[in-house]
Amino acid sequence: MFYLDIRYATANNFLKEPLYDCAKCLLLPEVAEAVINASYYFCDRGYALKFFDCYRPLSVQKQMWEKVPNPIYVADPAVGSVHNRGAAVDVTLATLEGEPVAMGTDYDFFGKAAHIDNFNLPEEVLANRKVLQEGMLYFSFATIQSEWWHFNYKNKSGAPVMDAPLSCK
Ligand SMILES: C[C@@H](N)C(=O)N[C@H](C)C(=O)O
Ligand SMILES: [Zn+2]
């Protein structure tokens, strides 16, 4: 079981405007299989995964970079994000009913409170982040230091960058 809250298909994101025509989570087949397996793992533990973002077109990465040209928080489109390769997910934990689980910051809070090596946070938040990170790691997703929600699937940083739009058609 999983939920979608694809923020870039809404105005509830750091650019404050919809960037996708359609709220869907597309991934390379191998990566999609890994997130499906992860969702069973989390379900057994009483959690659902809630996805904020999956594949992201390169042209959207460029729009993001114009707003936040800081590679700690937005990958440089000259290099390309693992999202542009269909192999990264932005994800949180929810209850099985879809209620949010405390992670200490909202999605795309670009600051120290979102860093995974910041342990100056409530015990509940640290415990929830640990559950998310350990589970994702078990399914071969790696963390990045600056964003608790971002996970790169193993060995995909050299996969081709794509720019196909996220369309519902
Ligand atoms: C913009 C944010 N949600 C994100 O995904 N950042 C990473 C670093 C990226 O752009 O790959
Ligand atoms: Zn991300």
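Looking up the protein in an unreviewed UniProt entry gives the name D-alanyl-D-alanine dipeptidase, with the organism given as Planktosalinus lacus. Comment text from UniProt for the protein, heading Catalytic activity (unreviewed entry), reads "D-alanyl-D-alanine + H2O = 2 D-alanine".

Asks: Would you explain a nonpolar patch on the surface in this entry?
Replies: Taken together, the side chains of Phe2, Leu4, Ile36 and Tyr40 present a nonpolar region at the surface, about 410 Å² in accessible area. Those elements giving two or more residues to the nonpolar patch turn out to be strand 1 (2–4) and helix 1 (29–44). Of note, isoleucine 36 is situated in helix 1.

Asks: How do you make sense of the UniProt feature "active site" (unreviewed entry) in the protein when you look at a structure like this?
Replies: The sites that UniProt annotates as "active site" (unreviewed entry) are Glu147. Relative to the elements of secondary structure, glutamate 147 occurs in strand 5 (residues 147–153). Overall, glutamate 147 belongs to the buried group, its relative accessible area being 4%. Once you skip the residues sitting within four places of it in the chain, glutamate 147 turns out to touch Ile72, Tyr73, Phe110, Ala114 and Ile116.

Asks: I keep staring at the coordination of the zinc ion (ligand 2) and nothing clicks. Help me out?
Replies: For a metal bound by four donors in a tetrahedral arrangement, the ideal donor-metal-donor angle is 109.5 degrees, while six donors in an octahedral arrangement ideally sit at 90 or 180 degrees. Donor atoms from the polypeptide that bind the zinc ion (ligand 2) are His83 (NE2), Asp90 (OD), Asp90 (OD) and His150 (ND1), placed at 1.9 to 2.8 Å. Counting the intervening residues between successive donors of the zinc ion (ligand 2) yields the motif H-x6-D-x59-H. Judged by relative accessible area, aspartate 90 falls into the buried class, the value being 1%.

Asks: Just checking my understanding: could you explain the sheet that holds strand 3 (residues 88–95) for this structure?
Replies: Neighbouring strands of a sheet are bound in pairs by backbone hydrogen bonds; such pairs are parallel or else antiparallel. What the five strands build is an open sheet, ordered 1-2-3-5-4; its pairing is mixed. At either margin of the open sheet sits one strand with a lone partner, and together these are strand 1 and strand 4 (141–144). Across this sheet, the average inter-strand angle for adjacent strands is 40°, counted without regard to direction. One ladder, built from six bridges, connects strand 2 (residues 47–53) with strand 3; its direction is antiparallel. Each residue of the ladder has a partner; that of lysine 50, found in strand 3, is threonine 92. This element, helix 1, spans strand 1, strand 2, strand 3, strand 4 and strand 5 of the sheet and lies at about 145° to strand 2. The strands touched by helix 3 (residues 123–138) are strand 2, strand 3, strand 4 and strand 5; relative to strand 3, the strand with the most contacts, the crossing angle is about 130°.

What counts as what
- Residues numbered from 1 in each chain as written.
- Chains lettered and ligands numbered in written order.
- Predicted model: local features only at pLDDT ≥ 70, side-chain atom pairs only at ≥ 80, totals over all residues.
- Heavy atoms only, no water.
- UniProt positions renumbered as here; feature names shortened; annotations may be inferred.
- Patch = residues over 30% accessible without salt bridge, like charges linked within 9 Å, V, L, I, M, F, W, Y side chains within 5 Å.
- Areas by Shrake-Rupley, 256 points an atom, 1.4 Å probe, with all protein chains shown as cover.
- Salt bridge = Lys/Arg side-chain N within 4 Å of Asp/Glu carboxyl O.
- Helix = DSSP H or I, 4+ residues; strand = E, 2+ residues; numbered from the N terminus.
- Buried < 20%, exposed > 50% of the residue type's maximum accessible area, 1.4 Å probe, protein only.
- Contact = heavy atoms within 4.5 Å.
- Donors = N, O, S within 2.8 Å, 3.2 Å for Na, K, Ca; no water.
- Pairing = 2+ DSSP bridges.
- Axes fitted to C-alpha atoms, helices over the stretch in contact; angles between N-to-C directions.

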